[in-house]
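Below, each chain spelled out in residue letters.
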Amino acid sequence: MNLGNLDRAKLQTALIDGHVHLSEIKDSERAVENALKAGVKRMIAVAMDLDSCRKTLAFAERYPDNVLPAIGYHPWSTKAEDVEDTLLFITQNIHRCVALGEVGLDYKVKVKKKLQKVVFSKLLNLAVQAHKPVIIHSRFSYQRTYEMTAEANVEKAVFHWYSGPVDILDKIIARGFFVSATPALAYSPHHQAAMARAPVDRILIETDAPVQYADRFSEPADLHETLFHLSRIKKIPEDKLARIVTKNAEKFFGLCDAELF
Ligand SMILES: [Zn+2]
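Conventions adopted
Residues numbered from 1 in each chain as written. Predicted model: local features only at pLDDT ≥ 70, side-chain atom pairs only at ≥ 80, totals over all residues. Heavy atoms only, no water. Disulfide = S-S within 2.5 Å. Salt bridge = Lys/Arg side-chain N within 4 Å of Asp/Glu carboxyl O. Helix = DSSP H or I, 4+ residues; strand = E, 2+ residues; numbered from the N terminus. Buried < 20%, exposed > 50% of the residue type's maximum accessible area, 1.4 Å probe, protein only. Donors = N, O, S within 2.8 Å, 3.2 Å for Na, K, Ca; no water. Axes fitted to C-alpha atoms, helices over the stretch in contact; angles between N-to-C directions. Parallel < 35°, antiparallel > 145°, perpendicular 65-115°, else oblique. Contact = heavy atoms within 4.5 Å. Nonpolar A, V, L, I, M, F, W, Y, C, P; charged D, E, K, R; others polar.

Draft legend 1. Here's a closer look at the state of the cysteines. According to the stated counting rule, one finds zero disulfides in the structure shown. Between cysteine 97, a cysteine without a disulfide, and cysteine 53, which holds the nearest cysteine sulfur, the sulfur-to-sulfur distance is 7.7 Å.

Draft legend 2. Summary view of the pattern of salt bridges. Per the stated rule, a full pass over the model turns up eight salt bridges. Glutamate 250 is the salt-bridge partner of arginine 42, the closest N and O atoms lying 2.8 Å from each other. Taken as a pair, arginine 42 in strand 2 (residues 40–45) and glutamate 250 in helix 9 (residues 238–252) lie far apart in primary sequence, 208 residues in all. Assessed through its relative accessible area of 18%, glutamate 250 is described here as buried. A salt bridge links aspartate 222 to arginine 216; its shortest N-O distance comes to 3.2 Å. What makes aspartate 222 buried here is its relative accessible area of 1%.

Draft legend 3. Quick peek at the coordination of the zinc ion. The coordination sphere of the zinc ion contains the protein donors His19 (NE2), His21 (NE2), Glu102 (OE) and Asp208 (OD), at a distance range of 2.1 to 2.2 Å. All donors of the zinc ion belong to a single chain; written as a sequence motif, their spacing is H-x1-H-x80-E-x105-D. Here the residue histidine 21 occupies a position in the loop between strand 1 (15–20) and helix 1 (28–37), and glutamate 102 occupies one in strand 4 (residues 99–104), the gap between them amounting to 81 residues. We note that histidine 21, like glutamate 102, is buried.

Draft legend 4. How the structure looks around the packing of helix 8 (residues 223–234) against helix 9. Interaxial distance between helix 8 and helix 9 falls to 10 Å at its minimum, and their mutual angle equals 110°. Between helix 8 and helix 9, the angle is such that the two are roughly perpendicular. Residues Leu227, Phe228, Leu230 and Ser231 of helix 8 form the contact with helix 9, whose own contacting residues are Glu238, Leu241, Ala242 and Val245. Within the contact of helix 8 with helix 9, the residues separate by chemical class into six nonpolar, one polar and one charged.

Just distances and angles here, no functional claims.
Listed below in structure tokens is the structure:
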């Protein structure tokens, strides 16, 4: 990968990072400044647990034009003894956010599946009541996360970093949901296959920073890597693709007037 080597000045469109863990980035202020310089003007900051929910909301207050918060409870962070407090906090603060996330299921972590499903189900219902889009983690649980999301009658959902089977991808698309692309497009055949198949008007781009993709931790400025690889896969020039995916994100997160809830 060539993280950091792209010509970032050439794009006309301001990009939106659809999924970044700003609360997990060491020097998050510098990461935001780097992103702004690189033309990544807005970032959807996601949260994983009570602590990161609080940090994410505080961070968004400091950058009201650039950092748009989502709060959630990640399956990796779920602990039986914290569920009640975390869900209460999310319920009380979701109105301050553009989305619910990161939430979902992960069948590779040790957290009991039953507990994960109970928490995810409650969060999906909360999103429906609050009319918020949902940012979904579905690693090794693609079928079940899709079914639960569809059955809960969620209005908008993005299956983040989708790398699952194509038959479930087809259901996600048919249902009107979205998938998102990460810098892993550089090397992940499953992720590449999914993004090749998904219609471009259902794709959001993101970094999932600070995830480590090559030899260093990522940051939101690396969104250009995602755009670059998606451009090659979709055979759409980067500037045109930038316009499309930014519009997708504006529509998905309700960032344009016509789409406000
Ligand atoms: Zn994430």
